Amino acid sequence: MRMVDIIHKKRNGKELMEEEIRFFIEGYTKGDIPDYQASALMMAIYFQGMVPRETALLTKAMVDSGETIDLSAIQGHKVDKHSTGGVGDKVTFIVGPLVASANVPVAKMSGRGLGHTGGTLDKLESIEGFNIELTKEQFIHNVNQHKLSIAGQTGNLAPADKKLYALRDVTATVESIPLIAGSIMSKKLASGADSIVLDVKTGSGAFMKTLEDSKALAKEMTAIGNNLGRKTVAIISDMNQPLGFEIGNANEIKEAVAILQGAKVEDLRRLSLEIASHMTVLAGAFEHYKQAYKTLEQHLENGKAYEAFRQFVIAQGGNADMIDDVSKLPQAKHHIQVKSDTEGYVAEIDAESIGTAAMYLGAGRATKDDKINHGVGITLKKKIGDEVKKGDVLVTLHANKENPEDSIRKIAEAYRFSDEPVESPTLIHLVIQ
Ligand code: URA
């Protein structure tokens, strides 16, 4: 078999066979197929697409390129969640304890990632002492004991995806639905959970800007999961503005704790309950979604979800005083109000610009060696639909420098106003099972 023939076939819009897909993935992982041929194939897939059968075969080949995690030592039906990424997305810190409070095990491997704010692990490390480097035995022990553990990835999961994703990033081939679906699902399938809930973001701050594309991606991913033996549900949720009000590492932990203690931040609470309800139904803890939702809502009110979070933090060495009293979490030196110089109704808050403003403050990494500053971040004071008068505060920047000009400029770019009243966007567009 020759790589050039595979590229030629896909370039001409033909379906690839299982042997061809495996030849490519195995050869590329080993280093036998050079980057220039892999890039050409990625571009051919970008333009010609793949039918669901090919995407499933690609995903399976990427799973088989490395190790898979065996979670069979964990009692019960293990559920996982994945978000396609958004600004202010601290849902994992709410959903994990909520699901654990219903006695359903969540064994979650997460990343740090480049980006606007830190990844899940960076956010957890805002809590003094929190240890994300667990051995496999500790990880399994913690899940059996407390129903929840979140740790850094161990093992060599889907190495083909790691290599291909890095290549796609520099060859303008990231935005392809079969390639994204295969990439995300290969990592999820290798992580060993029995069921998966996907939070597919849609809107200006998401990978997928239109509902149509988000739906296509969600359908493709649920089909792969279900066909490969994992019950998979996708929720399409809105990312036309950041989720909740807090962006940054300690800031996001603070907001998650508030929700776990019963605070009513509407979009964040609603989406967390939605995801957690589907997870617990997939695990068989409840028969119906409505019953799950109602019970989990009670767990936010009666302290059960917060207690699950507390136990999880303590089990991973975190200082629980910092979550019992969130003013003890890392703090920035300066709190700068950015005020509006126009009036009207907030029509848009570009999540990417807000994320970039947070990154400039030091909340995220521009390169993988950058150090995260856990105390800096942004608090939104106005969201879509809010009425704004001249001089009203739009956001508070929590910064370590006195005049973070570049972040202030980004905030001004992020907000757009309308003279007419604006409705806040629909939060949950669709659930695909
Ligand atoms: N996230 C991934 O893990 N892979 C993609 O291709 C896109 C987003």
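The model shown is predicted, which means the values in this text are computed figures rather than measured ones.

J.: Sorry if this is basic, but what is going on with unusual backbone geometry here?
T.: Excluding glycine, most residues fall at negative phi; most peptide bonds, likewise, are trans. We note that Asn103 has phi near 70 degrees; this positive angle belongs to a residue other than glycine. The residue Asn103 is located in the loop between α5 (92–101) and β2 (106–110) in this model. Phi is positive for Ala158, which is not a glycine, with a value near 40 degrees.

J.: Would you mind showing me how to read the site of the ligand here?
T.: Residues in close proximity to the ligand include Tyr165, Arg168, Ile180, Ser183, Ile184, Lys187 and Phe207, which together make up its full environment. At 2.9 Å from an oxygen atom of the ligand is found a side-chain nitrogen or oxygen belonging to Arg168. Between Ser183 and the ligand, the recorded distance is 2.6 Å, taken from a side-chain N or O atom to a nitrogen atom. When the free accessible area of the ligand is taken as 230 Å², the share hidden by the protein chains comes to 90%. Every element with two or more residues in the shell around the ligand is listed here: α8 (159–169) and α9 (177–190). Ranked by the residues each element gives to the shell around the ligand, the list is headed by α9, at four residues. A breakdown of the residues in the shell around the ligand according to their chemical character gives four nonpolar, one polar and two charged.

J.: Any chance you could explain helix α7 (residues 136–146) here in plain terms?
T.: Given 3.6 residues to a turn, an α-helix orients residues that are three or four positions apart in the same direction. Every buried residue of α7 is accounted for by Phe139, Ile140, Asn142, Val143 and Asn144. Packed against the buried residues of α7 are β2, β3 (148–152) and α14 (304–315). Looking one or two places after α7, you find Lys147, whose phi comes out positive at around 70 degrees.

Basis of the calculations
Residues numbered from 1 in each chain as written. Predicted model: local features only at pLDDT ≥ 70, side-chain atom pairs only at ≥ 80, totals over all residues. Heavy atoms only, no water. Helix = DSSP H or I, 4+ residues; strand = E, 2+ residues; numbered from the N terminus. Near = heavy atom within 4 Å. Polar contact = N/O pair within 3.5 Å; in protein donor to acceptor, adjacent residues only side chain to side chain. Areas by Shrake-Rupley, 256 points an atom, 1.4 Å probe, with all protein chains shown as cover. Nonpolar A, V, L, I, M, F, W, Y, C, P; charged D, E, K, R; others polar. Buried < 20%, exposed > 50% of the residue type's maximum accessible area, 1.4 Å probe, protein only. Contact = heavy atoms within 4.5 Å.

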